[in-house]
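The chain contents come next:
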Amino acid sequence: MGKSLVVESLSAFYGKQQILYHVSMTMPEHQVTTIIGPSGAGKSTFVRCLNRLHETTPNARMEGSVWLDHQNLYELDPIIVRRKVGMVFQAPNPFPTRTVFENVAAGLRLNGIRNKSIISEQVEKSLQLSSLWDEVKNSLHQPVWNLTRGQQQRLCIARALAIEPSVLILDEPASTLDPLSSLKIEELVEELKSHYTIVLVTHNLQQAARVADLTALFLDGELVEQGSPAELFTRPKDKRTEDYLTGRFG
Amino acid sequence: MNNMRKHDSDRLFAGTLFLFAVLLILLGLIMVSVMISGSWKSITAFDFSFLSGQIWNPLRHSYGALPFLYGTFVSSLIGLILSTVVGVGTAILLTQFGHIKYVKIATILLDALAAIPSVVYGLWGLFVLVPWLRNTGEPLLKTELGAIPFFNGQIWGVGLLAAGLILGIMMLPTIITVSRKLLDNVPQDLQDGAIALGATRTEKVRMVVLPYSRVGILGAVLLSFGRALGEAIAVTLVIGNSPTISTSLFEPGDSLASVLANQFLEASTHLYLSSLYEIGLVLLIVAVLFHTASKLLIWRVSGRARIL
């Protein structure tokens, strides 16, 4: 299922303002790549380029290429790209007018799947994967506002997983959650990497160190350094990495 | 001493404001009581048969308001359907598919439309819309949809359909403007959520944008409907001013507000005048009832959806 994602010389713009400068990196399959860096470093813009969400903002554009399994994502229909590259956002954003079940089923229905048993099967599987099933199996047809924020975020993960993407992007998924819910998401990321290529944006360095197989540091729109967390956190090659990690800026 | 004076000025100010508020309530009460006393003769003479009576003929002292109630509701309903479909559609186009430059131009034009006095709409209706309906629109409807009783009848040009179309056009700017604001307020992260699942823009509108804003749009639609019920001038120019109840939308009719505007000055007997007062009273009650009902509806729906 998971496939590695290769980014070549990616630059991104909002109007005349350049946000990202020639970023090249590889996010290997079945591994967790964490993206760290201060606010405004371009982390979110970077991941939004991976599922071609960046270009839906007025005046936004990008240069460079993103490859998934030897396919240039920018030569595909963006709708197809987003079904291969799933995304979970900073704040939980379940569809407020839909039930728990219908939230998870939304992507399947968009894919034209009408068979009820296939849909319920896939909904259950996705909720199992996001370890939410036991908590919601008796309230599948209840409105989503009865869930806690942590549950809502795991629901959004289930919603993204239901259409079986190859890559799962999580953009600071725990930043608006309490510590316990945050830890649950982290555990979930560990479990999911056997199935998916995972890209996790976080500003929590401990979290990045714990779950990552590969870590990349972004500063002012540039990829400063990447490597295994052990390397990057203990023996940074770049002076700026060291400054950031020791809290001299950011 | 200084403190004391400040305190006194506060009381004076609050007292004055209170007086204004009381005056406003009094004014409402006076208005209602004048309407009731003015229509008393008619109320005692006809009882509830005033509302169910189908004949309005002042020469024979026959006063039944049903044709006006019918005309009011049918013309407003036509306007409602037309303006909702076109208005919400336009708002979706402007917010979801529009280019920023054109959206700005469209907004300026729409604001200008809202500022046009209703008599101008009425005149345009009379000189442009009605001839078009008589020569092109209604004959076409009759040949295509003549099997439906609404579109089968003698063609006049003026009539319920003309009034409904004018009302629809007049309701459009409000519905577009309010819907556009509501659609603009749909949180971006919800929309991104739908797009990230691989939704097209159309699918996103159906999945997220419309469900999120439907209660507010319902409110805008009901508000416009309330105003259409009371519109007098534009309606009176194109509805045909005939107190009849007909299934065909091509036939002339009349509305509560329109008959008031038309006949008040020529009411020659006390009973005639009193009956017109009662028409006014009915219009007032219908408007208040409708306003309250729509508020209740919005309140209930929004309570259920926890939105807005």
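One numbering rule holds for all chains: residues counted from 1, following each sequence as written. Each chain is given a letter, starting from A, and each ligand a number, starting from 1, according to the order in which they appear as written. Local features in this predicted model are restricted to residues whose pLDDT is 70 or higher, and side-chain atom pairs enter the listing and the counts only when it is 80 or higher, whereas totals over whole chains, interfaces and linings include all residues. For side-chain calculations, the full set of non-hydrogen atoms in the structure is used, while hydrogens and water are omitted.

A. Quick peek at the interface of chain B and chain A. In this analysis, two residues are considered to be in contact whenever any of their non-hydrogen atoms come within 4.5 Å of each other. Opposite the 22 residues of chain B that make contact, chain A presents 26 residues. Joining two parts hides part of their accessible area as seen by a 1.4 Å probe, and the buried area is that hidden amount summed over both. Around 1900 Å² of area is buried between chain B and chain A when both sides are counted, 68% of it from carbon and sulfur atoms. Taken as a group, Ala 196, Leu 197 and Met 207 of chain B account for 33% of the area that chain B buries against chain A, more than any other trio of residues on that side. Think of a salt bridge as a Lys or Arg side-chain nitrogen and an Asp or Glu carboxyl oxygen that are within 4 Å of each other. Our count for the contact surface shared by chain B and chain A stands at 1 salt bridge. Residues Asp 192 of chain B and Arg 48 of chain A are paired through a salt bridge, measuring 3.1 Å at the closest nitrogen-oxygen approach. Pairing of N or O atoms within 3.5 Å defines a polar contact, subject to two protein rules: one partner must be a possible hydrogen donor and the other a possible acceptor, and residues neighboring in sequence count only if both atoms are side-chain atoms. Inspection of the region where chain B meets chain A yields 3 residue pairs in polar contact (both at pLDDT 80 or more). Strands are runs of DSSP state E lasting at least two residues, helices are runs of H or I lasting at least four, and both sets are numbered from the N terminus onward. Looking at the side of chain B that touches chain A, the elements with two or more residues in it are α7 (188-196), α8 (201-229) and α11 (270-305) of chain B. If you tally residues by element for the side of chain B that touches chain A, the top one is α7 of chain B, at 7 residues. Class assignment for the residues of the side of chain B that touches chain A results in 13 nonpolar, 3 polar and 6 charged. Under the convention adopted here, Pro, Cys and the residues Ala, Val, Leu, Ile, Met, Phe, Trp and Tyr are nonpolar, Asp, Glu, Lys and Arg are charged, and Gly plus all remaining residues are polar.

B. Spotlight on the packing of helix α4 (residues 116-129) of chain A against helix α6 (residues 149-161) of chain A. All names here are of chain A. For every element, the axis is a line fit to its C-alpha atoms; helices are fit only across the contacting stretch, and the angle between N-to-C directions ranges from 0 to 180 degrees. The N-to-C vectors of α4 and α6 enclose an angle of 130 degrees; their axes lie 8 Å apart at closest approach. When the axes of α4 and α6 are compared, the pair comes out oblique. Read as a crossing pair, α4 and α6 show a hand that is right-handed. Of the residues in α6, those touching α4 at Ser 126, Leu 127 and Leu 129 are Leu 155, Ala 158 and Leu 161. Residue composition of the contact of α4 with α6, grouped by class: 5 nonpolar, 1 polar and no charged. Angular relationships are summarised with four words: roughly parallel below 35 degrees, roughly antiparallel beyond 145, roughly perpendicular across 65 to 115, and oblique for the angles in between. When the near helix sits turned anticlockwise from the far one by under a right angle, the crossing is termed left-handed; a clockwise turn instead gives a right-handed crossing.

C. Fine view of the sheet that holds strand β9 (residues 214-219) of chain A. Residue and element names in this part refer to chain A. For two strands to count as paired, DSSP must find a minimum of two bridges between them. Pairing within the open sheet is mixed, and its 6 strands lie in the order β6-β7-β8-β3-β9-β10. Of all strands in the sheet, those with a lone pairing partner are β6 (85-88) and β10 (222-227), marking the two edges. Between one strand axis and the next, the sheet turns through 20 degrees on average, direction left out of account. Alignment of strand β3 (residues 32-36) against β9, held across 4 bridges, turns out to be parallel. Paired with Thr 34 across the bridge in β9 is Thr 215.

D. Spatial organisation of the domain arrangement of chain A. For chain A, the domain assignment lists domain 1 (54-171 + 188-195) and domain 2 (205-239). Here the C-alpha centroids of domain 1 of chain A and domain 2 of chain A sit 27 Å apart. All domain edges in this entry derive from an automatic or database-based domain assignment.

E. Just a nonpolar patch on the surface, in detail. Nonpolar side chains (Val, Leu, Ile, Met, Phe, Trp, Tyr) are joined into patches within 5 Å and like charges within 9 Å, using only residues with over 30% relative accessible area and no salt bridge. Under the convention used here, a 1.4 Å probe and the Shrake-Rupley method define accessible areas, while residue burial counts only the protein chains that appear. Where nonpolar side chains cluster on the molecular surface, the patch consists of Phe 13, Leu 17, Phe 18, Phe 20, Val 22, Leu 23, Ile 25, Leu 26, Leu 29, Ile 30 and Val 34 of chain B and spans about 1100 Å² of accessible area. Within the fold, Ile 25 of chain B resides in helix α1 (residues 2-46).

F. The nonpolar core, seen in detail. Of all hydrophobic cores here, the largest spans 85 residues; its most connected members are Val 123, Leu 127 and Leu 155 of chain A together with Phe 50, Trp 56, Met 207 and Ile 279 of chain B. For this core, the element with the most residues is helix α6 (residues 160-184) of chain B, which contributes 12 residues. Beyond its immediate stretch of four places on either side in the chain, Leu 127 of chain A contacts Val 104, Leu 132, Trp 133, Val 136, Leu 140, Leu 155 and Ala 158 of chain A. With 32 residues, the next largest nonpolar core counts Val 7, Leu 10, Val 85 and Ile 169 of chain A among its residues. Grouping buried Ala, Val, Leu, Ile, Met, Phe, Trp, Tyr and Cys residues that are joined through side-chain atoms within 4.5 Å yields what is termed a nonpolar core. Here's how the labels work: a residue is buried when its accessible area is under 20% of the maximum for its type, exposed when over 50%, partly exposed in between, all with a 1.4 Å probe on protein chains only.

G. Broad picture of the sheet that holds strand β5 (residues 71-72) of chain A. Residues and elements named next belong to chain A. The 4 strands are arranged β2-β1-β4-β5 in an open sheet whose pairing can be described as antiparallel. With partners counted over all chains shown, the strands left at the sheet margins are β2 (17-27) and β5, one partner each. Seen against the sheet, helix α1 (residues 43-50) touches β1 (5-14), β2 and β4 (60-68) and runs at an angle of roughly 120 degrees to β1.

H. Fine view of the pairing of β1 of chain A. Residues and elements named next belong to chain A. For β1 and β2, the ladder comprises 7 bridges, and the chain directions are antiparallel. What sits directly across from Phe 13, in β2, is Gln 18. Joining the antiparallel neighbours β1 and β2 is a turn of 2 residues, in which Gly 15 adopts a positive phi near 60 degrees. Here β1 runs beside β4; their pairing, made up of 8 bridges, is antiparallel. Its bridge partner being in β4, Tyr 14 is matched across the sheet by Ala 60.

I. Seen up close, the packing of aromatic side chains. Whether two aromatic rings pair depends on their centres lying within 6.5 Å, for rings of Phe, Tyr and Trp, where Trp uses its six-membered ring; planes under 30 degrees apart make the pair stacked, over 60 edge-to-face, and the rest tilted. According to the stated counting rule, one finds 10 aromatic pairs over all chains in the structure shown. Plain terms: the ring middles of Trp 56 of chain B and Tyr 272 of chain B are 6.4 Å apart, the flat faces sit at 65 degrees to each other, and that makes the pair edge-to-face. With Trp 56 of chain B in strand β1 (residues 56-57) and Tyr 272 of chain B in helix α11, this pair connects stretches of sequence that are 216 residues apart. Both residues of the pair, Trp 56 of chain B and Tyr 272 of chain B, belong to the buried class. Members of the aromatic cluster, connected to one another through ring pairs, are Phe 46, Phe 50, Trp 56, Tyr 63, Phe 68 and Tyr 272 of chain B. Positioned over the ring face of Phe 13 of chain A is Arg 61 of chain A, at 4.1 Å from the centre of the ring. Here, over-ring charges are defined by two tests on the NZ atom of lysine or the CZ atom of arginine: distance to the ring centre within 6 Å, and angle to the ring normal within 35 degrees. Over the ring of Phe 95 of chain A we find Arg 159 of chain A; its NZ or CZ atom is 4.3 Å from the centre of that ring.

J. Examining the environment of Asn 51 of chain A more closely. For Asn 51 of chain A, the position within the fold is in the loop between α1 and β4. Placed 177 residues apart in sequence, Asn 51 of chain A and Ser 228 of chain A show a C-alpha to C-alpha distance of 24 Å. With residues near it in sequence (within four places) discarded, Asn 51 of chain A still touches Val 81, Arg 82, Val 85, Met 87 and Ile 169 of chain A together with Ala 196 of chain B.

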